[in-house]
Amino acid sequence: METVIMASGNKKKVAELSAILREFGMDVKSKDEAGFGHIDPIEDGETYEENSLKKAKEIMEASGFITLADDSGLEVEYLDGAPGIYSARFAGDDCDYDKNNEKLLSLLEGVPDEKRRAKFVTVITVVFPADNGAGNEAERVLVARGECPGHIVSELAGEGGFGYDPVFMPDGYDKTFAQLGTEVKNKISHRARAIQNLIEQLKEIY
C-alpha cells in the first residue's frame, strides 16, 4: 500500500475517500494521523482548484509524501451558485453543519421544487514530490473534478453522511445522500466521480 496524506482533519471525509481508494492500493492518512495537523492552509482561493492545490502543496512540501487535497461545495441555481466555495462556512466562520443547512433551507423557503436545482462539486488535487518513484524529476500535479446533479429538499432527511447530505437528493433517486448510505453514495457522489477521474490519470503514471 502506498501512503498518501490527505490535507484534511475531517475524519468522515478521510474515511469516505479511504474506502474508495483502498482498492487501488492507496493508504490514505489524514494530516493529523501523519503528524501534520498543525499545518492549516488558508483557503483564500477563488475556485475549488486554487484551494485544493494550495492545501495539497503546503502539506506535501512539509511532509515529502504524496499529498491529496480536495475542495468541495454545493452550488444552488436559485442562489446563483451559492454557497459554492464558501459552503463550509456558509452560516459564518464558527458555523457547523446544522447551521449551514438551516440557513440554506431558510433561503429556499417557499421556492418550488423546479427551482431548487443544485449540484455538488469536488475538485481533488494530488501533488507528487519530485523523484517520488513515479518517474517525475519535478513536482507533478494531478487535478480531477467531479459533479453530482440533484436538488435541495424542503426539510432535513436522514442521519448519515455529513455536510449538506441531509438536504441534497441526487438525480435518479428518491432519497437524500444522508438516507442512501455510504455504499451507495460512494458510487455516485461528486467525490466518487472525481476519484474515478483521478484514477484514470494515475493509471497513466504507474
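Just above sits the structure.
Rules behind the numbers
Residues numbered from 1 in each chain as written. Predicted model: local features only at pLDDT ≥ 70, side-chain atom pairs only at ≥ 80, totals over all residues. Heavy atoms only, no water. Pairing = 2+ DSSP bridges. Helix = DSSP H or I, 4+ residues; strand = E, 2+ residues; numbered from the N terminus. Right-handed = clockwise from strand over helix to strand, strands pointing away. 1 Å grid on protein atoms, 1.4 Å probe; cavity = no way out; pocket = protein on both sides within 12 Å on 5 of 7 lines; lining within 4 Å. Points joined across faces, edges and corners; volume = space filled by probe spheres on them. Nonpolar A, V, L, I, M, F, W, Y, C, P; charged D, E, K, R; others polar. Phe/Tyr/Trp six-rings, centres within 6.5 Å; stacked < 30°, edge-to-face > 60°. Buried < 20%, exposed > 50% of the residue type's maximum accessible area, 1.4 Å probe, protein only. Lys NZ or Arg CZ within 6 Å of the ring centre and 35° of its normal. Salt bridge = Lys/Arg side-chain N within 4 Å of Asp/Glu carboxyl O. Core = buried A, V, L, I, M, F, W, Y, C linked by side-chain atoms within 4.5 Å.

Draft legend 1. A look at the pairing of strand β1 (residues 2–6). Where β1 meets strand β2 (residues 26–30), five bridges bridge the pair, whose relative direction is parallel. Across the sheet, the residue bridging to V4 is V28, located in β2. Each parallel crossover has a hand, and the one from β1 via helix α1 (residues 11–21) to β2 is right-handed. Where β1 meets strand β3 (residues 67–76), two bridges bridge the pair, whose relative direction is parallel. Each bridged residue has a counterpart across the sheet, and for I5 the counterpart in β3 is T67.

Draft legend 2. Spatial organisation of the layout of surface pockets. By volume, the largest pocket amounts to about 870 Å³. In this structure, the largest pocket is lined by 35 residues; those nearest its centre are N10, K13, E43, A88 and Y97. The set of elements that each furnish at least two residues to the lining of the largest pocket consists of β3, α3 (97–107) and α6 (190–205). Top contributing element to the lining of the largest pocket by residue count: β3, with six residues. Grouping the amino acids of the lining of the largest pocket by side-chain chemistry returns 13 nonpolar, nine polar and 13 charged.

Draft legend 3. A look at the packing of aromatic side chains. Scanning all chains against the criterion turns up four aromatic pairs. Arranged with centres 6.3 Å apart and planes meeting at 35°, the rings of Y97 and F162 form a pair that is tilted. Linking Y97 in helix α3 with F162 in the loop between β6 (140–152) and β7 (168–170), this pair joins segments that are 65 residues apart in sequence. Judged by its relative accessible area of 38%, Y97 falls in the partly exposed class. The exposure class assigned to F162 is buried, which follows from its relative accessible area of 13%. The ring of F162 carries the charged tip of K185 above its face, separated from the ring centre by 4.6 Å.

Draft legend 4. Layout of the pattern of salt bridges. This structure, assessed with the given rule, holds 14 salt bridges. In this structure, the salt-bridge partner of D165 is K185, at a minimum N-O distance of 2.5 Å. Of the two residues, D165 sits in the loop between β6 and β7 while K185 sits in helix α5 (residues 182–188), which places them 20 residues apart along the sequence. When sorted by exposure, D165 lands in the same class as K185, which is buried. Salt bridges sharing partners connect three or more residues here, namely E49, E75, K119, R145 and E147.

Draft legend 5. Examining the nonpolar core more closely. With 22 residues, the main nonpolar core has L68, I124, V126, I195 and L198 as its most contacted residues. Elements represented by at least two residues in this core include exactly β1, α1, β2, β5 (117–128), β6 and α6. The element contributing the most residues to this core is α6, with seven residues. In this structure, A118, F120, I152 and M169 belong to the second largest nonpolar core, which totals 20 residues.

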